[in-house]
Amino acid sequence: MSLKRFLLIGILAATACKPVFNAGSFGSTDALYQAAMTEFNAKRWENAALAFDRLTTELSPRDPRITTAYMHLARAQEKRGDDLLAAKSFSRVYELMPQDSLADDALLASGLAYQRMWRRPALDAEYGENAMTQFQTLQALYPESPLLTVATGHLAKLDEWFATKDYENGYHYLKRKAYDSAIIYFKDVIRLHPQAKITREAYLRLHTAYQEISYRDDARDLCVQMHKTYPNDRDVVRACGVAPAATASQ
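Participant: I'm lost on the packing of aromatic side chains in this one. Help?
Facilitator: The geometry of an aromatic ring pair is captured by two quantities: the separation of the ring centres and the angle between the planes. Inspection of the entire model under this criterion finds 10 aromatic pairs. Judged by centre distance (6.3 Å) and plane angle (85 degrees), the rings of Phe 40 and Phe 52 are edge-to-face. Of this pair, Phe 40 sits in helix 2 (residues 29-41) while Phe 52 sits in helix 3 (residues 45-58); the two residues are 12 residues apart in sequence, bridging distant segments of the chain. Neither residue differs from the other here; Phe 40 and Phe 52 are each classed as buried.

Participant: Explain the nonpolar core here, please?
Facilitator: Soluble globular proteins tend to bury their nonpolar side chains together. Phe 40, Phe 52, Leu 55, Tyr 70, Ala 76 and Phe 90 are the most contacted members of the largest nonpolar core, which has 27 residues in total. Where this core is concerned, the elements lending two or more residues are helix 2, helix 3, helix 4 (65-79), helix 5 (83-96) and helix 6 (103-117). Broken down by element, this core gets its largest block of residues, 7 residues, from helix 4. Not counting chain neighbours up to four residues away, the residues in contact with Phe 90 comprise Met 71, Ala 74, Arg 75, Glu 78, Ala 106, Ala 109 and Ser 110. Counting residues in hydrophobic clusters, the runner-up holds 23 residues, among them Tyr 167, Ala 196, Tyr 203 and Leu 222.

Participant: Sorry, what's going on with the side chain of His 227 here?
Facilitator: Checked against the element boundaries, His 227 lands in helix 11 (residues 216-229). According to the relative accessible area criterion, His 227 is buried, its value standing at 9%. Within the local environment of His 227, its side chain forms a polar contact with the backbone oxygen of Gly 241, the two atoms lying 3.0 Å apart.

Participant: Is there a simple way to think about unusual backbone geometry in this case?
Facilitator: For residues besides glycine, phi is generally negative; the peptide bonds are generally trans as well. Although it is not a glycine, Lys 177 adopts a positive phi angle of roughly 60 degrees. One non-glycine residue, Ser 214, lies in positive phi territory at about 60 degrees. Within the secondary structure, Ser 214 is located in the loop between helix 10 (199-212) and helix 11.

Participant: In this structure, what is going on with helix 2? I would like to understand it.
Facilitator: One turn of an α-helix holds 3.6 residues; hence residues three or four places apart share an orientation. With 13 residues, helix 2 extends 18 Å between its outermost C-alpha atoms, agreeing within 8% with the 18 Å of an ideal straight helix rising 1.5 Å per residue. Among all positions of helix 2, only Leu 32, Tyr 33, Ala 35, Ala 36, Met 37, Glu 39 and Phe 40 are buried. Looking at the buried residues of helix 2, the elements they touch are helix 3 and helix 4. Lys 43 lies just past helix 2 and shows a positive phi near 65 degrees.

Participant: Looking at this model, I keep getting lost on the confidence of the model for the protein. Mind explaining?
Facilitator: As a general rule, the predicted coordinates of low-pLDDT regions are not to be interpreted in detail. Summary statistics for the protein give a mean pLDDT of 91 and a share of 88% for residues scoring 70 or more. In this model residues 13-17 is a low-confidence stretch, pLDDT under 50, and it forms 0 contacts with partners more than four residues away in sequence or in other chains. Every residue in residues 246-250 is under pLDDT 50, and counting partners more than four places away or in other chains gives 5 contacts.

Participant: What is the right way to read helix 4 from this model?
Facilitator: In a regular helix each residue adds 1.5 Å, so 15 residues correspond to 21 Å; helix 4 covers 21 Å between its end C-alpha atoms and thus fits that length. Most of helix 4 is tucked away: 11 of the 15 residues are buried. Here helix 4 has its buried residues at Ile 66, Thr 67, Ala 69, Tyr 70, Met 71, His 72, Leu 73, Ala 74, Ala 76, Gln 77 and Glu 78. Contact partners of the buried residues in helix 4: helix 2, helix 3, helix 5 and helix 6. In the stretch just after helix 4, Gly 81 is the one whose phi turns positive, near 90 degrees.

Participant: So what exactly am I meant to see when it comes to the packing of helix 3 against helix 4 here?
Facilitator: As a packed pair, helix 3 and helix 4 sit with axes 8 Å apart at the nearest point and diverge in direction by 150 degrees. Overall, the two elements helix 3 and helix 4 adopt an arrangement that is roughly antiparallel. For helix 3 against helix 4, the interelement crossing comes out left-handed. Listed contacts from helix 4 to Trp 45, Ala 48, Ala 49, Phe 52, Asp 53, Leu 55 and Thr 56 of helix 3 are Ile 66, Ala 69, Tyr 70, His 72, Leu 73, Ala 76 and Lys 79. When grouped by side-chain class, the residues that make up the contact of helix 3 with helix 4 number 10 nonpolar, 2 polar and 2 charged.

Parameters and conventions
- Residues numbered from 1 in each chain as written.
- Predicted model: local features only at pLDDT ≥ 70, side-chain atom pairs only at ≥ 80, totals over all residues.
- Heavy atoms only, no water.
- Phe/Tyr/Trp six-rings, centres within 6.5 Å; stacked < 30°, edge-to-face > 60°.
- Helix = DSSP H or I, 4+ residues; strand = E, 2+ residues; numbered from the N terminus.
- Buried < 20%, exposed > 50% of the residue type's maximum accessible area, 1.4 Å probe, protein only.
- Core = buried A, V, L, I, M, F, W, Y, C linked by side-chain atoms within 4.5 Å.
- Contact = heavy atoms within 4.5 Å.
- Polar contact = N/O pair within 3.5 Å; in protein donor to acceptor, adjacent residues only side chain to side chain.
- Expected span 1.5 Å × (residues − 1).
- pLDDT = per-residue confidence, 0-100.
- Axes fitted to C-alpha atoms, helices over the stretch in contact; angles between N-to-C directions.
- Parallel < 35°, antiparallel > 145°, perpendicular 65-115°, else oblique.
- Left-handed = near helix turned anticlockwise from the far one by under 90°.
- Nonpolar A, V, L, I, M, F, W, Y, C, P; charged D, E, K, R; others polar.

Take a look at the structure:
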């Protein structure tokens, strides 16, 4: 028998003899907590998740370890690739213990988990909306948190994605000459996402839609708005002409 084959048989035998982790086999919450931490530190995420999940039901809500249990449960779920469960577990920290020092960390982590699940603007935005809710809750509940800058940055990225989603829907209808529907989406981009980069394109495409259906007054009013928002922009000048002196001076 070759050495390689001998070693492989030895590894398989050792694996077969190793007992399956059973979170229900520990006689006390103290023993279960120790086992859960051991599994987590050993990066055995499935075992850690099982143990911490059981702890969240067995520990008293007043037990100071309950926060750690939920945070480690969420981290283990995150590590094994289950962002949805992780997002919900992180949420439990601030829902149950809003005064805990880890509540803002948990809100941020929950938002990031939801955000990871919204992989492209074109996809259903439910997870993106959930992420935005978590970041906004962090801003509202913990205005002194050092994590606000990070949350604000992610909110800006989400805003850009929401704007892009509406813009792409509007452009879809514009190409198919469904101008009324296109106008609704482009107006939403301008109204809801004024700071997004794609908003400039929404203005220009909205102007195109107005021109295609001869909404001259709307197109003229939009040009006034575009000249104020994007002064001296070449594409705006190309679409609307040079701003009148009174408008340009504002």
